[in-house]
Amino acid sequence: MPSAKFQEFMELAIGSSHLSAVAGVVADLDVSDVGGEPVISLVHSALESLEEDRVLESKALSQSALDISWEKLNSGYWKDVPHTWRTLYSYSAVANSLAQVAEEDHRSALRTCDLGLLMGAPLRESYLPRLAACLANYLRETSPGPVPSPSSMPCNSVADFQCRGLPVKRVDCPSLRAFESSYMREQTPVIISGAIDHWPALTSRRWSIAYLKESAGNRTVPIEIGSRYTDESWSQKLMTISSFIDAISQGGGAVGKGDADDSASILYLAQHQLFDQLPELRADICIPDYCCLSDEEDSDPIVNAWIGPCGTVSPLHHDPYHNVFAQVLCS
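Note that residues are indexed from 1 along each chain, following the sequence as it is written. Per-residue local features are limited, in this predicted model, to residues with pLDDT of at least 70; the limit for side-chain atom pairs, both in listing and counting, is 80 or more; totals at the level of whole chains, interfaces and linings are taken over all residues. Side-chain metrics rest on all non-hydrogen atoms present in the structure, leaving aside hydrogens and water.

(A) Quick look at the packing of aromatic side chains. We call Phe, Tyr and Trp rings a pair once their centres come within 6.5 Å, taking the six-membered ring for Trp, and we label the pair stacked below 30 degrees between planes, edge-to-face above 60, and tilted otherwise. In this structure the tally under the stated criterion is six aromatic pairs. Both rings, one in Phe-9 and one in Tyr-138, keep their centres 5.8 Å apart while their planes meet at 80 degrees; by these two values the pair is edge-to-face. Residue Phe-9 is located in helix α1 (residues 4–13), and its partner Tyr-138 is located in helix α7 (residues 127–142); the two are separated by 129 residues in the primary sequence. Burial classification: accessible surface area is computed with a 1.4 Å probe over protein chains only, and a residue below 20% of its type maximum counts as buried, one above 50% as exposed, and the rest as partly exposed. Phe-9 sits in the buried class, given a relative accessible area of 4%. Here the aromatic rings of Trp-207 and Phe-275 are separated by 6.3 Å at their centres, their planes lie at 25 degrees, and the arrangement is stacked. On the criterion of sequence distance, the pair formed by Trp-207 in the loop between β4 (191–193) and α9 (209–216) and Phe-275 in helix α12 (residues 274–277) is long-range, its members being 68 residues apart. Considered together, Trp-207 and Phe-275 belong to a single accessibility category, that of buried residues. Three or more aromatic residues link up through ring pairs in this structure, and these residues are Phe-179, Tyr-183 and Tyr-290. Directly above the ring of Phe-9 sits Lys-5, whose terminal nitrogen or CZ lies 5.9 Å from the centroid. In this text, helices come from DSSP runs of H or I with a minimum length of four residues, and strands from runs of E with a minimum of two, each type numbered from the N-terminal end. A positively charged side chain is recorded as over a ring if its NZ (Lys) or CZ (Arg) lies within 6 Å of the ring centre. The angle to the ring normal must also be within 35 degrees.

Laid out in structure tokens, this is it:
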């Protein structure tokens, strides 16, 4: 018989104590365009097995579905992967993470959810983000860990930012019209003061290294390794935010004196849609009004996050859209 805690997770994440609700959604998927029927069968059988409390069988079936989907996701260029395979990976992750919850392996279940969110397609039912949030809250309440001192991550303030040795002009909350005419249309960089002072991340839920580790430390994210993504030594790996913060707080991810080994060890969470993955952190920020001046009508802003030690940079590049960069935390 599933535990009371498993039933609680089901109610919060799935909205029902019966797995047949998920199985019904999976059975109705049309995957004929990629021949994904075997994966549908595996996921459906895994959910049925879990409903009947055959947890090990459910875990094995859902893991097989994950393995098949994972292979399809990595069989070519990411842009060429059919959306259907990403959807199948997401539903496979739902089934596998629920089996891990039934085994009370909550950390593995959260990692499976995060991989589903990172690699899979968004599901209309939002099973994965809801289950991930439940698991993260549970782990935070039951196994709190030590947090690093915020002062252990020194970096340069935006106040000291210079472009090619020339100071960038600083203004205090210009009007939308003034910003558009004087800076945006002129393609002139500018530092805006006071525009985000009202954010919860700077007031009621003030961000710090300790806060990020406590709030999201168990979540898995993609971390860049290396000073520039154009270097041959550059790579990526999946890490929990807690492990990532530990590494850069202890100096393991900081820029050294310029030798190759130091450069290759730089750790950086860069241009990641963290707030889509963790809606609880999204509630801590707001979209600056200046973003409404986009040249693209009816387009929502792309919201990314960057977290790294002192000295992290991106190679010179040109984006096809304007950027508004908000610096929340710098110790």
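This is not the end of the story, as more comes after the structure.
(B) Quick peek at the pattern of salt bridges. Any carboxyl oxygen of Asp or Glu within 4 Å of a side-chain nitrogen of Lys or Arg constitutes a salt bridge here. On inspection of all chains with the given rule, the structure shows eleven salt bridges. Here Lys-5 ties to Glu-8 by a salt bridge, and the two come within 3.2 Å at their closest N and O atoms. Linking Lys-5 with Glu-8, this pair stays in helix α1, spanning three residues, or about one helical turn. For Glu-280, the salt bridge identified is with Arg-219, shortest N-O distance 3.5 Å. Highlighted residues: Glu-280 in helix α13 (residues 279–282) and Arg-219 in the loop between α9 and β5 (220–225), separated in sequence by 61 residues. Residue classification places Glu-280 among the partly exposed positions, given a relative accessible area of 33%. Looking at Arg-219, the relative accessible area reads 1%, which means it is buried.

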